Amino acid sequence: MIEVRELTKRYGTARAVDGLTFEVKPGYVAGFLGPNGAGKSTTMRAILGLDRPTSGEALVNGRHYAEIKNPMHHVGALIDAGAVHGGRSAYDHLHVLARSNGIGPKRVVHTLEQVGLAGVARRRVGTLSLGMKQRLGVAAALLGDPGVLLFDEPVNGLDPEGIRWIRHLMRDLAAEGRTVLVSSHLMSEMALTADRVVVIGRGKLILEASMQDLSDRFQRDVLVRTAHRTELTRALERSGATVRQEDGALAVQGITAHDIGEIAAHQRIPVHELTPRSASLEDAYLELTDDSVEYRTEETAR
Ligand SMILES: Nc1ncnc2c1ncn2[C@@H]1O[C@H](COP(=O)(O)OP(=O)(O)OP(=O)(O)O)[C@@H](O)[C@H]1O
């Protein structure tokens, strides 16, 4: 479990993270979303004890990272895949890490196989592609078989096959009962991977919700098809709904699909379609974070 409580990190007068509170429990993939500069990396670094909070705290399984003995057995992280010693082989890189945490060579070999790097284990890290380095970073995170995993923008540099692989991996790790927090600035990516999202902007919490709640919250209207449009419109309007004609159907706002169905049944009006329509998750995300975007182009500024 990860608990972030009233976390604030200031650099000079700038607040990279500003009173942020959220938690991530085991068993699901939590997406950590925010525009560039929102404070995702700073928060992750604080959880991993790499950055000292100005105030507040970040705990892993109830403890500060620094208090955890043999941390690789409890927490694994992919933060900056490029930050590895280029002269060592992939195997040696992992072996050095493993040894410092009392992990044997068998586990190193297993982890290399798990991330699909067994074939390049003897190659120097400096000669690996960005995608392979990313996989090596994931291997390092998995080395101690930890219950808590943090991935900072893990799809960066991966090709479509690699992206699919990492999505499956994160979902599998969560299904095994681990705590998985993965940052991204793309809602489209998180929509395919995460069960819940923590959305931040300018260091502050904007929203913490399940993917389902997020799309419910941004429900636009309900499309209703019936041969009895006038009758149903009247009944719905009596219940306070707003009804608009749309291509021979009704676009209904201000009432749930469930209640529309109940009203229609009560009036004995056959309904042929009842479709809740949401704004896309990407639109929802852009709307949520609109005030927190640091830099924008003329075109996206609208
Ligand atoms: N070492 C530092 N010194 C000064 N400012 C910093 C430092 N690290 C981060 N910042 C600032 O803090 C803010 C949050 O940065 P952070 O890297 O945590 O955001 P992020 O959400 O991870 O962004 P990105 O998606 O671009 O990686 C930014 O405005 C950044 O410029």
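Residues numbered from 1 in each chain as written. Predicted model: local features only at pLDDT ≥ 70, side-chain atom pairs only at ≥ 80, totals over all residues.

Novice: Outline the site of the ligand, listing residues and values.
Specialist: Close to the ligand lie Y11, A14, A16, G34, N36, G37, A38, G39, K40, S41, T42 and H185, which account for all nearby residues. For the shell around the ligand, the secondary-structure elements that each account for two or more residues are β2 (14–24) and α1 (40–47). The dominant element in the shell around the ligand, judged by the number of residues it contributes, is α1, at 3 residues. Of the residues that constitute the shell around the ligand, the class distribution is 4 nonpolar, 7 polar and 1 charged. (Near = placed C-beta within 6 Å. Helix = DSSP H or I, 4+ residues; strand = E, 2+ residues; numbered from the N terminus. Nonpolar A, V, L, I, M, F, W, Y, C, P; charged D, E, K, R; others polar.)

Novice: Give me the lowdown on unusual backbone geometry, citing residues and values where you can.
Specialist: For N61, which is not glycine, the phi torsion reads 45° and is therefore positive. Take N61: there are 15 C-beta atoms within 10 Å of it, and that puts it in the partly exposed class. Phi at R202 is positive, roughly 45°, even though this residue is not glycine. Owing to 20 C-beta atoms within 10 Å, R202 belongs among the buried residues under this scheme. (Buried ≥ 20, exposed ≤ 12 C-beta atoms within 10 Å, placed from the backbone.)

Novice: Outline the sheet that holds β2, supporting the account with residue identities and numerical values.
Specialist: A sheet is described by the order of its strands in space; here 3 strands give the open sequence β2-β1-β4, paired in antiparallel fashion. Lying at the two open borders of the sheet, with one neighbouring strand each, are β2 and β4 (55–60). In this sheet, neighbouring strand axes are inclined to one another by 20° on average, regardless of whether the strands run parallel or antiparallel. As paired elements, strand β1 (residues 2–11) and β4 share 5 bridges and run antiparallel to each other. Residue pairing across strands places E3 opposite L59, the latter belonging to β4. Across the sheet, α1 is in contact with β1, β2 and β4; its angle to β1 comes to roughly 115°. (Pairing = 2+ DSSP bridges. Axes fitted to C-alpha atoms, helices over the stretch in contact; angles between N-to-C directions. Contact = placed C-beta atoms within 7 Å.)

Novice: Before we move on, could you go through the nonpolar core and cite the residues and values that matter?
Specialist: Membership of the largest hydrophobic core comes to 66 residues, with the highest contact counts inside it found for A139, M170 and V180. Of all hydrophobic cores here, the second largest spans 10 residues; its members include V224, L236, A241 and V243. (Core = buried A, V, L, I, M, F, W, Y, C linked by C-beta atoms within 7 Å.)

Novice: I'd love a proper account of α1, names of residues and values included.
Specialist: Most of α1 is tucked away: 8 of the 8 residues are buried. Of the residues making up α1, those classed as buried are K40, S41, T42, T43, M44, R45, A46 and I47. Positive phi appears at G49, one or two residues downstream of α1, with a value of about 70°.

Novice: Account for the environment of G104, with residues named and values stated.
Specialist: Looking at where G104 falls in the secondary structure, it is placed in the loop between α2 (90–100) and α3 (105–114). Along the sequence, G104 and G201 sit 97 residues apart, while their C-alpha atoms lie 42 Å from each other.

Novice: I'd like a rundown of the domain arrangement of the protein chain, residues and numbers included.
Specialist: What the domain assignment reports for the protein chain is domain 1 (2–74 + 146–212) and domain 2 (219–278). With centres defined by C-alpha atoms, the gap from domain 1 to domain 2 works out at 41 Å. (Domains from an automatic or database assignment.)

Novice: Before we move on, could you go through the confidence of the model for the protein chain and cite the residues and values that matter?
Specialist: The pLDDT averaged across the protein chain works out to 90; a share of 96% of its residues lies at or above 70. Within the model, pLDDT remains below 50 along residues 298–302, and this stretch shows 1 contact once partners closer than five positions in the same chain are excluded. (pLDDT = per-residue confidence, 0-100.)

Novice: Describe the sheet that holds strand β12 (residues 249–253), and please don't skip the residues or the numbers.
Specialist: Judged by pairing direction, the sheet is antiparallel, and its 4 strands sit side by side in the order β11-β12-β10-β13 without closing on themselves. Only two strands of the sheet have a single neighbouring strand rather than two, namely β11 (242–246) and β13 (273–278). Taking each pair of neighbouring strands and ignoring which way they run, the sheet shows an average axis angle of 25°. Strand contacts of helix α8 (residues 229–238): β10 (219–225), β11 and β12, with the helix running at about 5° to β12, the strand carrying the most contacts. Sheet strands in contact with helix α9 (residues 257–266) are β10, β12 and β13, and its direction is about 160° off that of β13.

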